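Understanding the architecture of this molecule
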Amino acid sequence: MPWLEKPFFEHPTLDLAGMLLGKIFVRRLECGLELRGRIVETEAYLGRGDEACHAWRGRTERNAMMFAEPGRLYVYFTYGNHYMLNIVSEPESIAGAVLIRAMEPVSGNSFMQDRRSTTLFTNLMSGPGKLTQAMAIDRSCNGRSLFDGEFSMETSLELPPEAIGTSTRVGITRSRNLPWRKFIIGNLHVSKAKVSG
DNA sequence: AGCGTGATCTTT
DNA sequence: AAGATCACGCTG
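Residues numbered from 1 in each chain as written. Chains lettered and ligands numbered in written order. Predicted model: local features only at pLDDT ≥ 70, side-chain atom pairs only at ≥ 80, totals over all residues. Heavy atoms only, no water.

**Thoughts on the protein's contact with DNA strand C**
By nearness alone, 22 residues border DNA strand C, and Tyr79, His82, Asn86, Gly129 and Lys130 come closest of all. His82 is positioned such that a nitrogen or oxygen atom in its side chain is 2.9 Å from a base oxygen of DNA strand C. Within the side chain of Thr173, a nitrogen or oxygen atom sits 3.2 Å from a phosphate oxygen of DNA strand C. Sorting the residues of the surface near DNA strand C by element identifies strand 3 (73-78), strand 4 (82-88), strand 5 (96-107) and helix 4 (128-134) as the ones contributing at least two each. In terms of residue class, the surface near DNA strand C is built from nine nonpolar, eight polar and five charged. (Near = heavy atom within 4 Å. Polar contact = N/O pair within 3.5 Å; in protein donor to acceptor, adjacent residues only side chain to side chain. Helix = DSSP H or I, 4+ residues; strand = E, 2+ residues; numbered from the N terminus. Nonpolar A, V, L, I, M, F, W, Y, C, P; charged D, E, K, R; others polar.)

Below you can see the structure in the form of structure tokens.
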């Protein structure tokens, strides 16, 4: 399948979040092994007017990559345990990114099972912290480009619009009313929203 | 439902 | 310098 070039990532962040559903995120390891996952859940984050966005008050050392040109990876560490994978969007100097929240494993299954210490298919990449662990993505991946050979994004069959669901974002406290989460309806790898009450 | 875990950011 | 927060996952 052809890989997506820079113009694809130049779409507005809110559009890109939906357009990334169904696409295949690829990592080629030094040893030759290819890890592939089909994106099934995303969230949009924008610097302006979005208090849940790391960059809402401007540039810091951590969030600097959100201001880079589209098509780079923004990877950060949180909760003392987990790395989060984002695809940078918006033109250079404007903060924006799409958080990859869940993927369906496509290849590299045994590597992922090893990393995750489980064989359960639906527990390999069904959350933002899980998928980075499965694909061995850490802070050293921050700033890497999707056009340099190691990482890439491949096209796939188009999803019909009715397959895409929308909701508010998961796990945030500020700006929680914005409907900036996108997911493939009924997909078994979509992360479980925490039920409150 | 509760807690581990540590970097980052805000407030003193 | 100290305190609060955190785009989460695991065990109960």
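This is not the end of the story, as more comes after the structure.
**With respect to the protein's contact with DNA strand B**
Around DNA strand B, a shell composed of Arg57, Thr60, Arg62, Phe77, Thr78, Tyr79, Gly80, Asn81, His82 and Arg139 is seen. In the interface set of DNA strand B, defined as its atoms within 4 Å of the protein, sugar plus phosphate atoms amount to 62%. At a separation of 3.0 Å, a phosphate oxygen of DNA strand B approaches a polar side-chain atom of Arg57. Tyr79 places a polar main-chain atom, nitrogen or oxygen, 2.4 Å from a base oxygen of DNA strand B.

**Regarding the packing of aromatic side chains**
Following the criterion strictly, the structure yields five aromatic pairs and no others. Between Phe9 and Phe147 the ring centres are 5.8 Å apart and the planes differ by 65°, which places this aromatic pair in the edge-to-face class. Separated by 138 residues along the polypeptide, Phe9 in helix 1 (residues 6-9) and Phe147 in the loop between helix 4 and strand 6 (151-154) bring together distant segments of the chain. On the accessibility criterion, Phe147 (29% relative accessible area) is partly exposed. When the centroid spacing of 5.0 Å and the interplanar angle of 50° are considered together, the rings of Phe77 and Tyr83 count as tilted. (Phe/Tyr/Trp six-rings, centres within 6.5 Å; stacked < 30°, edge-to-face > 60°. Buried < 20%, exposed > 50% of the residue type's maximum accessible area, 1.4 Å probe, protein only.)

**Observations concerning the pairing of strand 6**
The two faces of strand 6 match: Phe151 and Met153 on one face and Ser152 and Glu154 on the other face are all buried. In this structure, strand 1 (residues 24-28) lies alongside strand 6, joined through four bridges in antiparallel fashion. The residue of strand 6 that forms the bridge with Phe25 is Met153. (Pairing = 2+ DSSP bridges.)

**Here we look at the pattern of salt bridges**
Taken as a whole and assessed by the stated rule, the structure comprises 12 salt bridges. For Arg27, the salt bridge identified is with Glu150, shortest N-O distance 3.0 Å. One end of the pair, Arg27, is in strand 1; the other, Glu150, is in the loop between helix 4 and strand 6, with 123 residues separating them in the sequence. Judged on exposure class, the residue Arg27 and its partner Glu150 are both buried. Three or more residues joined by partner-sharing salt bridges are found here, namely Arg27, Arg144, Asp148 and Glu150. (Salt bridge = Lys/Arg side-chain N within 4 Å of Asp/Glu carboxyl O.)

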